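The lines below spell out each chain.
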Amino acid sequence: MADVQKIEPDSVFAKAVKEGLLAGALAFGLFFLIVGFRTDQNIRNELVLNQRWGLLAIFVLVAGIGRFLLTAYITPWSEARSKNKRAAVEKEQSAFRKSFPKIGLGLLLIYPFLVILILWAYNGSIMGGLQGSLKYVDNFGIQILIYVMLAWGLNIVVGLAGLLDLGYVAFYAVGAYSYALLSTHFGLSFWLLLPMAGIFAALWGIMLGFPVLRLRGDYLAIVTLAFGEIIRLVLINWTVVTKGTFGISGIAKATLFGIPFTPGPTGFAALLGLPNSGVYYKIFLYYLILLLALLTAWVTIRLRRMPIGRAWEALREDEIACRSLGINTTTTKLTAFATGAMFGGFAGSFFAARQGFVSPESFVFLESAIILAIVVLGGMGSLVGIAIAAAVMIGGTELLRELEFLKRIFGPDFTPELYRMLLFGLAMIVVMVWKPRGFVGNREPSAFLHKRKMVSSEFTKEGHG
Amino acid sequence: MVSEVQNNPTAILRVERLSMKFGGLIAINDLNFEARRGAITALIGPNGAGKTTVFNCITGFYKPTEGMLTMTRQNGEEYLLERMADFVITKKAKVARTFQNIRLFSGLTVLENLLVAQHNPLMLSSGFTILGLLGLPTYKKAASDAIEKARFWLDKINLVERADDPAGDLPYGAQRRLEIARAMCTDPELLCLDEPAAGLNARESAELNKLLLDIRDETGTSILLIEHDMSVVMEISDHVVVLEYGTKISDGTPETVKNDPKVIAAYLGVEDEEVVELIEQAEAAGVDDITAAVDLLSTEALHEIEEAHPDMAPATLIPSAPAKVRRARATAAKKPVVKSVTDKTAAKPAAASTVKSKPINPAAKSLVAIKPGATANALAEPRGGKADKLIIIKGIGPVNERKLNEHGIFHFDQIAAWKKADIIAAEAYLAFDGRIAREDWIGQAKKLAKQSQVTPAPKKTRGAK
Amino acid sequence: MSEKQALLSVEGVETYYGNIRALSGVTVHADPGEIVALIGANGAGKSTLMMTIFGMPRARTGRVIFDGKDITQLPTHEIARLRIAQSPEGRRIFPRMTVQENLQMGASLDKLEYFDEDSRMVFDLFPRLKERINQRGGTLSGGEQQMLAIGRALMARPRLLLLDEPSLGLAPLIIKHIFEAIKELNKTTGLTVFLVEQNAFGALKLADRGYVMVNGIVTMSGSSAELLANPEVRAAYLEGGRH
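All values reported here derive from a predicted model rather than from experimental measurement.

Conventions adopted
Residues numbered from 1 in each chain as written. Chains lettered and ligands numbered in written order. Predicted model: local features only at pLDDT ≥ 70, side-chain atom pairs only at ≥ 80, totals over all residues. Helix = DSSP H or I, 4+ residues; strand = E, 2+ residues; numbered from the N terminus. Rg over C-alpha atoms; globule rule 2.2 N^0.38 Å. Contact = placed C-beta atoms within 7 Å. Buried ≥ 20, exposed ≤ 12 C-beta atoms within 10 Å, placed from the backbone. Expected span 1.5 Å × (residues − 1). Domains from an automatic or database assignment. Nonpolar A, V, L, I, M, F, W, Y, C, P; charged D, E, K, R; others polar. Pairing = 2+ DSSP bridges. Axes fitted to C-alpha atoms, helices over the stretch in contact; angles between N-to-C directions. Core = buried A, V, L, I, M, F, W, Y, C linked by C-beta atoms within 7 Å. Left-handed = near helix turned anticlockwise from the far one by under 90°. pLDDT = per-residue confidence, 0-100.

The subject of this paragraph is the overall build of chain C. Counting its regular elements, chain C contains 10 helices and 10 strands. Expected size for 243 residues packed as a compact globule is a radius of gyration near 18 Å; at 17 Å, chain C falls within 12% of this value. Across its three principal axes, chain C shows a C-alpha extent of roughly 45 × 45 × 40 Å. Excluding contacts between residues fewer than 6 apart, the proportion of contacts in chain C whose partners are at least 24 apart in sequence is 66%.

Within chain A, the secondary structure is distributed over 16 helices and four strands. When each of the 465 residues of chain A is scored for burial, the buried share is 40%.

Once that is clear, we can look at helix α16 (residues 420-434) of chain A. The terminal C-alpha atoms of α16(A) lie 21 Å apart, and with 15 residues this matches the ideal 21 Å at 1.5 Å per residue to within 8%. Summarising burial for α16(A): zero of the 15 residues are buried, a small minority.

All names here are of chain C. As assigned here, chain C comprises domain 1 (1-83 + 158-243) and domain 2 (92-157). When each unit is reduced to the centre of its C-alpha atoms, the spacing between domain 1 and domain 2 is 23 Å. On the side of domain 2, nine residues touch domain 1, which itself brings 14 residues to the contact. Looking at the side of domain 1 that touches domain 2, the elements that each hand over two or more residues are β7 (160-164) and α7 (172-189). With four residues, α7 is the largest single contributor of residues to the side of domain 1 that touches domain 2. Class assignment for the residues of the side of domain 1 that touches domain 2 results in 10 nonpolar, two polar and two charged.

In this section: the interface of chain B and chain A. Of the residues lining the interface, 34 residues belong to chain B; the matching set on chain A comes to 34 residues. Elements that contribute at least two residues to the side of chain B that touches chain A include exactly α3 (86-93), α4 (110-116), α5 (119-125), α6 (130-133) and α7 (137-156) of chain B. Counted by class, the side of chain B that touches chain A contains 13 nonpolar, 12 polar and nine charged residues.

This part takes up the domain arrangement of chain A. Here the domain parsing of chain A yields domain 1 (12-73) and domain 2 (100-402). Each of domain 1 of chain A and domain 2 of chain A was reduced to a C-alpha centroid, and the two centroids are 46 Å apart.

Let us now look at the sheet that holds strand β8 (residues 222-226) of chain B. Residues and elements named next belong to chain B. With mixed pairing, six strands are arranged side by side in an open sheet as β6-β7-β8-β3-β9-β10. In this open sheet, the two edge strands, each paired with only one partner strand, are β6 (95-97) and β10 (247-252). In this sheet, adjacent strand axes meet at a mean angle of 20° when their direction is disregarded. Note that strand β9 (residues 239-244) and β10 share five bridges and pair antiparallel. Pairing of V241 across the sheet is with D251, part of β10. Against the sheet, helix α9 (residues 202-219) touches β3 (40-44), β7 (190-194) and β8, its axis set at about 150° to β8.

Residues and elements named next belong to chain A. The biggest cluster of nonpolar side chains holds 298 residues, and the ones touching the most others in it are M149, A151, I289, I371, I374 and A390. For this core, the element with the highest residue contribution is helix α3 (residues 126-160), accounting for 18 residues. Listed in part, the five residues of the second largest apolar core include A23, A27, F59 and V60.

Residues and elements named next belong to chain C. The strand order across the open sheet built from six strands is β6-β7-β8-β3-β9-β10, with neighbouring strands paired in mixed fashion. Each having just a single partner strand, β6 (84-87) and β10 (217-223) make up the two edges of the open sheet. Direction aside, neighbouring strands of the sheet carry axes that sit 15° apart on average. Where strand β9 (residues 209-214) and β10 come together, six bridges link them in antiparallel fashion. Note that in β10 the partner of V212 across the bridge is M220. With respect to the sheet, helix α1 (residues 46-53) is in contact with β3 (35-40), β6, β7, β8 (192-197) and β9, its orientation differing from that of β7 by roughly 150°. Here helix α6 (residues 142-155) sits on the sheet in contact with β6 and β7, set at roughly 175° to β6.

Structurally, I308(A) is set in helix α10 (residues 307-317). When the 24 C-beta atoms within 10 Å are taken as the criterion, I308(A) is described as buried. The residues touching I308(A), leaving out its near neighbours within four places in the chain, are L303(A), T335(A) and T129(B).

Turning to the packing of helix α14 (residues 383-402) of chain A against α16(A), a few remarks are in order. Residue and element names in this part refer to chain A. For the pair α14 and α16, the least separation of the axes is 10 Å and the interaxial angle reads 145°. α14 and α16 meet at a crossing whose hand is right-handed. Each of M393, G396, T397 and L400 in α14 lies in contact with α16, whose residues at this interface are R420, L423, F424 and A427. Split by residue class, the contact of α14 with α16 holds five nonpolar, two polar and one charged.

Further remarks concern the pairing of β9(C). All names here are of chain C. By the criterion of burial, β9 is predominantly enclosed, with five of the six residues buried. Examined bridge by bridge, β3 and β9 share five bridges and lie parallel to one another. The partner of A37 across the bridge, within β9, is G210. What sits between the antiparallel neighbours β9 and β10 is a turn of two residues, in which N215 has the positive phi angle 50°.

Let us now look at unusual backbone geometry. In this structure, P57(C) follows M56(C) across a cis peptide bond, with omega equal to -5°. Within the secondary structure, P57(C) sits in the loop between α1 and β4 (61-66). The backbone of D30(B) shows a phi angle near 50°, a positive value even though the residue is not glycine. Within the secondary structure layout, D30(B) lies in strand β2 (residues 25-36). Non-glycine residue R92(C) carries a positive phi angle of around 50°. By the secondary structure assignment, R92(C) is in the loop between β6 and α3 (99-106).

The next point concerns the confidence of the model for chain C. When pLDDT is averaged across chain C, the result is 86; 96% of the residues are at 70 or more. As scored by the predictor, the complex reaches a pTM of 0.72 and an ipTM of 0.76.

On to the packing of helix α5 (residues 190-212) of chain A against helix α12 (residues 329-355) of chain A, then. All names here are of chain A. At a closest axis distance of 7 Å, the pairing of α5 and α12 adopts a crossing angle of 140°. Considering only the axes of α5 and α12, their crossing is right-handed. Split into classes, the residues belonging to the contact of α5 with α12 amount to 17 nonpolar, eight polar and one charged.

This brings us to α1(C). The element α1(C) is extensively covered by neighbouring structure, given that seven of its eight residues are classed as buried. Of the residues trailing α1(C), G55(C) is marked for its positive phi of about 80°.

To continue, consider the pairing of β9(B). Residues and elements named next belong to chain B. Most of β9 is tucked away: five of the six residues are buried. One ladder, built from four bridges, connects β3 with β9; its direction is parallel. The residue of β9 that forms the bridge with L43 is V241.

Residue and element names in this part refer to chain A. Per-residue confidence for chain A averages 82 on the pLDDT scale, and 90% of its residues sit at or above 70. Predicted confidence for residues 1-9 stays below pLDDT 50, and this span has 10 contacts to residues more than four positions away or in other chains. Note on residues 86-92: pLDDT under 50 across the span, and two contacts to partners over four residues away in sequence or across chains.

Another point: the environment of V60(A). All names here are of chain A. Inspection of the secondary structure puts V60 in helix α2 (residues 53-123). C-alpha of V60 to C-alpha of G24: the two residues are 36 residues apart in sequence and 5.0 Å apart in space. Sequence-distant contacts of V60, defined by excluding residues within four places in its chain, comprise G24, A27 and F28.

Below, the structure is given as structure tokens:
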């Protein structure tokens with residue numbers, strides 16, 4: 001083998017310098033016109049050309065030096081690290097991972113009080129603490145938990161049974177409108193309507209399930225997408241019942257064992273002798289949605305250990321093999337649709353009770369896409385992963401509203417909210433490149449003989465619809 | 001169970017006038033055959049002859065264009081399979097199948113695969129999930145029974161240790177066995193195997209033979225199999241059906257089929273002149289079946305090789321043992337030089353212990369029992385005609401005892417005298433890596449050899465364990 | 001090593017699936033015009049070696065050299081352009097394309113220039129495929145798909161042909177034909193063939209040299225005759241089924 005062409009890799013440093021220069025040149029070419037020049041109107045309405053060479057230089061330098069650092073130091077470092085840690089770190093992580101759900105649950109349980117305590121200390125008054133916590137409990141806590149619950153519900157259909165459903169928000173809408181209509185027209189209580197909304201949504205799930213059973217993959221996705229849109233359009237156009245785009249307002253709030261959260265003498269605050277505040281209702285809602293989400297998780301965990309749950313996962317792995325084992329795949333798919341839809345319905349009725357107002361605008365396709373994105377990002381089938389994904393995605397976009405300091409950098413007319421979806425998309429790309437099977441790609445087996453070992457994502461399938 | 005075969009000649013499956021057309025293509029044309037209860041029926045034929053199509057019709061994956069498929073269960077119930085949906089066939093008519101290109105649930109663990117197969121009984125005992133969700137003890141009992149059943153089959157296919165690994169992680173041969181075990185977990189009365197030995201090496205197909213015979217004899221399950229590996233088909237099947245271009249060209253016992261010139265020409269693949277030549281040779285040698293003669297072909301190939309490389313005569317590598325006279329004569333018919341290359345040391349205890357239930361083809365078998373002693377101290381016969389009970393050594397089971405006997409190991413002192421090279425050789429044919437050393441066979445054998453010197457007839461000494 | 005320069009040479013290759021090492025320090029080579037067989041039990045890593053030559057998965061250490069060129073880090077499609085063709089494990093035919101189209105895909109390197117000529121050769125080898133020329137690949141029987149996969153590999157006019165269990169699922173008669181055809185091609189065109197087989201006897205009979213792989217390590221190598229005569233090989237791979 002003497003005359004084999006030797007391809008000796010250049011030294012890392014030389015390579016890094018080369019790539020850095022290249023990246024700089026590329027950035028210069030790219031930003032020369034875009035950043036280097038800026039047209040403005042002067043006071044006489046004339047167009048003037050401003051030159052911004054300094055800014056351009058910063059762009060080019062950031063690209064060049066960034067690329068240089070990445071090639072010279074960061075990549076070799078991360079490669080060395082990943083090589084070293086392979087065997088050893090796995091075990092340490094698993095210890096943390098095992099207790100992670102418990103720690104997370106504990107934090108969730110004390111979250112509202114933690115927020116109040118912190119803000120109390122910060123503001124120096126209990127009222128300040130209570131009012132200040134409103135935002136954190138409502139915008140962050142409840143909002144995230146709604147999405148956690150929705151994503152856990154969708155996870156049954158997509159993650160376990162492997163049926164790609166792009167119209168999940170339809171069941172959310174069915175739940176919300178069931179509560180809104182039945183409570184405004186018949187004055188039924190939240191606690192009665194909550195299960196009913198779930199049942200209605202499940203029925204709709206079965207109704208959707210029947211026609212789409214024969215479809216797989218892309219076709220299934222498109223039909224479910226159409227179903228979601230149909231529901232929304234019916235809500236808009238069936239104005240007699242739904243009041244169309246105006247939506248239904250004045251929906252009754254939920255009560256705690258019949259005690260309303262109103263400022264009056266029979267209200268919650270008065271009965272307990274607490275100062276008047278809207279925050280109690282929010283805290284109550286927080287625990288309510290936490291309970292509902294935990295119910296979803298509990299049912300999912302239980303179902304996975306039952307024959308039906310295993311049949312769902314088997315269906316995801318191989319439908320033909322399922323049938324050869326005597327499993328009725330029709331009913332198996334229908335139960336998956338119905339169960340997933342039911343949790344969507346619960347979440348919907350909660351949503352209506354929380355907002356006091358529903359309109360078709362809350363149930364657009366984007367919502368379905370976000371819920372699906374959370375499931376995929378979290379790792380299909382993994383409850384913990386999905387919860388983390390929901391917190392990152394929903395919490396992250398909520399956080400963007402808070403980032404006032406960005407205005408100081410990008411100028412006063414910069415509105416961070418407008419970049420919400422852009423960042424959402426970027427984050428998704430980054431996560432998918434970094435972890436193609438989501439945050440938690442490994443699958444926990446539902447039964448074991450000797451030892452519970454996680455199943456690597458290399459072996460699990462995504463399902464074909 | 002075997003006696004039943006003789007006493008109960010009724011067919012478990014009757015295929016009558018079966019035709020299957022795909023557009024203009026006729027895959028099966030007016031096919032008639034029967035599979036007997038408690039027997040192994042093989043379906044062979046050239047590629048594309050329609051064998052898998054027959055399977056797909058029997059298991060309901062295709063609806064035949066014409067014809068009747070009658071399955072008669074043990075309890076006398078008759079099912080017309082062409083009228084039933086695929087999963088109902090498994091559930092009610094008790095027909096299970098495997099697939100040519102293994103269809104395991106690769107992301108589920110080995111154990112879970114076997115649990116999914118028990119879906120229907122588990123579904124009943126979990127009260128269609130509802131009772132199970134409430135945690136009723138009936139389901140818990142059923143679930144642990146299901147795991148026990150899975151363990152039983154895992155034990156049968158030697159995969160107990162790997163129960164908690166993903167099925168996709170198993171080597172190919174193990175996946176094939178697991179698929180058979182999974183089908184058996186549906187409690188079938190007829191097991192349809194589509195090329196179970198494809199991709200298995202010689203030793204693995206021997207293990208498969210044993211597994212299939214075990215299934216037939218212990219559970220009374222009838223087996224219908226498609227296979228190209230003649231060492232499987234001819235050795236274990238009670239009845240062979242040969243297809244070509246969708247029609248039956250031969251039907252009968254393995255002997256009659258393999259002597260059928262049509263089958264030889266269409267399938268077994270020995271050219272006509274060669275066949276004639278072989279038959280002549282075989283007759284001269286007193287061998288009355290063709291496969292045995294075909295077997296000679298490969299022997300001759302060996303001789304050719306040997307002649308091409310006289311410097312490394314393989315005969316010297318193999319401890320001398322008397323050449324089998326018949327074989328020698330058969331070979332002599334063509335080649336004057338007789339060397340004992342494949343000289344099949346007729347290890348009598350081995351031949352006696354294999355396939356006791358079905359003496360299919362005594363001529364073929366005695367010829368086929370090749371086991372050149374791989375270890376230095378191999379014996380042709382046990383001393384004094386009586387072998388030690390090697391199973392007393394911890395780690396040696398009946399199967400390994402048989403293998404050892406086949407390789408000329410009959411006594412404890414032989415094992416006790418093993419050198420390193422012998423251990424490697426023994427591990428090679430036992431397919432054990434390091435087990436001999438780990439379980440200290442040598443040490444055990446030394447002890448036992450001493451004991452047997454004291455008491456000449458070794459009894460099952462418990463102390464040895 | 002031989003005086004001739006090896007066409008394919010795999011040097012100390014280690015391949016991993018995740019953290020699991022599938023190949024450890026495998027060194028094999030194939031001289032021009034040689035038929036080399038790789039035998040071993042299921043799960044020994046034979047198919048992994050085939051795929052590693054193709055860069056899927058890539059070797060973590062070691063080198064794969066084809067015709068004096070280091071192809072270890074080359075993208076798979078460029079490896080294929082060097083005229084290494086493979087009939088892979090699991091056949092991997094294009095199920096929705098017809099037999100004809102599948103063969104055309106195989107011939108795409110030459111822009112179908114020799115298609116008629118080569119397809120005639122494939123149809124001579126597998127008359128069955130000619131009967132099914134307009135049928136979709138996915139509707140063929142298992143054995144026919146195997147024929148198609150081998151035929152497609154041959155359409156690429158390969159210098160090196162990698163065959164992963166060509167006899168899998170084929171009738172004895174066809175296996176014989178295929179092995180004869182490979183020998184024929186090898187003799188007439190000097191095609192170098194590297195094949196993996198469970199049918200160790202047939203493979204060693206066909207091949208000039210052979211390797212035995214156990215648990216990702218090449219434990220034995222030698223001429224086919226040597227391997228066929230070796231008692232360990234015989235015990236482990238040739239005789240298990242015959243008792």
